[in-house]
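Per-entry structural report
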Amino acid sequence: VGRTIDIARTVGAIDESLVEKLGIIQGLNFPAERLPAITQRLRDLHALAADLDELDLDEVAPASTFDPSWDEDARA
Amino acid sequence: MSEPCDLSLVDAAKLIASRGLSPVELTQSALKRVEHTEPKLHAFVAIDADRALASAKTLEAELATGTHRGPLHGIPMGVKDIFDLEGVPTRCNSCVRADAGPASRDAKSVANARAAGAVFLGKTVTQEFAAGVISDPARNPWDPSRIPGGSSGGSGASVAAGSTIASFGSDTGGSIRNPAAINGVVGLKPTFGAVDTSGVYPLSWSLDTVGPLARTVHDAALVLNVFAGWGDDRDAAAEIGQSIAGLRIGLLRSFFFDRLQPEIASAVEAAASTLTSLGAEVIDVDWPEARIARAASFVINRVEGCEVHAEAIRATPELFGEELRLRLESNSLYPATGFIRAQKARGIAKRSIAELFTRLRLDAVIAPTSAGTAAPANDLTVAYPDGSTEPVNLAYTRLTMPFNATGQPVVAVPCGFDSLGLPIGMQVVGRPHAEARICRIAHAYEQAAGWFRRRPPIIES
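This write-up is about the structure you can find in this document. (Residues numbered from 1 in each chain as written. Chains lettered and ligands numbered in written order. Predicted model: local features only at pLDDT ≥ 70, side-chain atom pairs only at ≥ 80, totals over all residues. Heavy atoms only, no water.)

**Points about the nonpolar core**
Convention followed: As used in this record, nonpolar core signifies buried Ala, Val, Leu, Ile, Met, Phe, Trp, Tyr and Cys residues forming a set joined through side-chain atoms within 4.5 Å. Only protein chains enter the accessibility calculation, which uses a 1.4 Å probe. A residue is then buried if its area is under 20% of the maximum for its type, exposed if over 50%, and partly exposed in between. Put simply, DSSP marks the helices as runs of H or I at least four residues long and the strands as runs of E at least two long, and each gets a number from the N terminus on. Here, two residues are considered to be in contact whenever any of their heavy atoms come within 4.5 Å of each other.
Counting 134 residues, the largest nonpolar core has B:Met77, B:Phe256 and B:Val428 as the members making the most contacts within it. Considering each element in turn, this core owes the most residues, nine residues, to helix H7 (residues 217-228) of chain B. When residues no more than four places from it in sequence are discounted, the contact partners of B:Phe256 are B:Trp287, B:Ala290, B:Ala367, B:Pro368, B:Leu399, B:Pro402 and B:Phe403. Membership of the second largest hydrophobic core comes to 21 residues, among which are A:Leu48, A:Ala49, A:Leu52 and B:Val303.

**Observations concerning unusual backbone geometry**
Residues and elements named next belong to chain B. In this model, Asp136 is joined to Pro137 through a cis peptide bond whose omega is 10°. That bond from Gly150 to Ser151 is cis: its omega, 10°, falls within 30 degrees of zero. Within the secondary structure layout, Ser151 lies in the loop between strand E3 (119-124) and helix H5 (153-161). With a phi close to 60°, Ser135 is a non-glycine residue in the positive phi region. Residue position: Ser135 is located in the loop between E3 and H5. Looking at Ser135, the relative accessible area reads 0%, which means it is buried. One non-glycine residue, Arg361, lies in the positive phi region at around 50°. Considering the arrangement of structural elements, one finds Arg361 in the loop between helix H12 (336-359) and strand E9 (364-368). On the basis of relative accessibility, which here comes to 56%, the residue Arg361 falls in the exposed class.

**Looking at the pairing of E3(B)**
Residue and element names in this part refer to chain B. Put simply, the rule reads: Here, any two strands with at least 2 DSSP bridges between them count as paired. Call a crossover right-handed when, viewed with both strands pointing away from you, the route from the first strand across the helix to the second goes clockwise.
Among the six residues of E3, six are classified as buried, and the element is accordingly described as predominantly covered. Sheet topology places strand E1 (residues 44-47) next to E3; three bridges connect them, and they run antiparallel. Paired with Phe44 across the strands is Thr124, a residue of E3. Strand direction decides the pairing type here: strand E2 (residues 76-80) and E3, joined by five bridges, are parallel. Residue pairing across strands places Pro76 opposite Val119, the latter belonging to E3. Note that the unit made of E2, helix H4 (residues 108-115) and E3 has a crossover that is right-handed.

**Focus: the interface of chain B and chain A**
When the parts come together, some accessible area is lost, and that loss is often what is quoted as the size of the interface. Where we set the bar: When two parts are brought into contact, each loses some accessible area as probed by a 1.4 Å sphere; the total of that loss over both is the buried area. Any Lys or Arg side-chain nitrogen found within 4 Å of a carboxyl oxygen on Asp or Glu counts as a salt bridge. Here a polar contact is recorded for every N or O atom pair within 3.5 Å, except that within protein the pair must consist of a potential hydrogen donor and a potential acceptor, and residues adjacent in sequence are included only if both atoms are side-chain atoms. Note on residue classes: Ala, Val, Leu, Ile, Met, Phe, Trp, Tyr, Cys and Pro are nonpolar, Asp, Glu, Lys and Arg are charged, and everything else, Gly too, is polar.
Each partner contributes to the interface: chain B provides 32 residues, whereas chain A provides 30 residues. Of the roughly 2,800 Å² buried between chain B and chain A on both sides combined, carbon and sulfur atoms contribute 67%. For the chain B face of the interface with chain A, the top three residues by lost area are B:Leu333, B:Arg341 and B:Lys344, together amounting to 27%. Seen at the junction of chain B and chain A, the total is four salt bridges. At the junction of chain B with chain A, the criterion picks out eight residue pairs in polar contact (both at pLDDT 80 or more). Elements that contribute at least two residues to the side of chain B that touches chain A include exactly helix H9 (290-308), helix H10 (310-315), helix H11 (322-331) and H12 of chain B. It is H12(B) that provides the largest number of residues to the side of chain B that touches chain A, a total of 10 residues. Class assignment for the residues of the side of chain B that touches chain A results in 14 nonpolar, five polar and 13 charged.

Next up, the structure:
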């Protein structure tokens, strides 16, 4: 049941070097002095989201909706 | 000191309708209260007294010709500064929007209130882009050295202080309910999607809701009807005044009482006893998925917020306040698969609470609103008896966020005061679209308990 993620290992893998590289990929260039705080915040989010890793979600659809209908202007 | 601005909306509306109180008199009274309290409260970012009085005069003239628009006719209100108010900039308490020009039109809910005769005194303080619970520089009317909660902190403080009769709030993770609890007023978060959010600066599209903060449950229900544009087919006040005898109410225990200031736990338990004395059947219930609902809500809130501000956080990060900047920078790196997983977990949260309501035939569940009362502005933590502390941004939203994930309607109602004289709040949570039922329960409790009659000391000082 659920994913077998070792959250301590996941959170532990998040270091300043990784955060700096992910930031570059995202177009966010973090000044070096900001890296410790950003890294800690990202660790915190992963730790909080660990409650979701225990779940078996294979049969569950995401709670997102998409309405394919067109509005009146586009239809005309 | 009891002035017209201390009236409930229901009482003020009755007097206005019967010509016993004029909109101008009520607006002048509210503006006088603003003048008295604002030096300490800082609940407003902008006040336009001339425009408000001009509007009140127009509404007074309408009454003289026999036109009465309904319960909001001539009622002074504050508009949270993430809502567009025509002719006024929407600055969202952020330097990012320091140069924003005047809004060209009202947000939909604001337009509805304007058409219903509301008088807008000005714009109330929000946490930057509604992303947090501090609402600096606004302060708490029960103790101005403390915060008013948030993110609708200025709205909550102004309603408690009597400088508005009701105000606009938005709730993505608890931003109506938390300031309601922290300021000792009522906050009504409607079912997700019930009120049009157009013209309101987004925080998280799939969680954002719009609703009122007001002095009483009946007041809040009437304002919600207007915000939502409901007519005869739907009325949040439809069951107000009906007995709650025989209704089944679950007192949510695990998760909601796990880490809490003891006086809050006692107050909510006492409120449950009051509901029992009114004839409701109150039973202890557990919702094991509450933790999942909170985590899903947290992740969705944080990740969607990053996309809202994607351009600005890359172009001008230095214009954000440090707290929001850090949040956007770090959460932008969260993986997309984690976001989808949170959306899936949201479905589980919804199913599980629906199953709980159905299996136990519940009309509502109740829970504490906030894990702590108003924190000092110079110490933004909540302390617990075991010596631990928790930052307010977590302590104030931990118990509210689960119901943003499920999308249920919730009314937050005062349920007591701690030993420092600070307000405590309780959530009454209903089935989707059952605003009328939760307002019935919360109103019955409110009238029996009478906490709404207390006024904060800032009014007398």
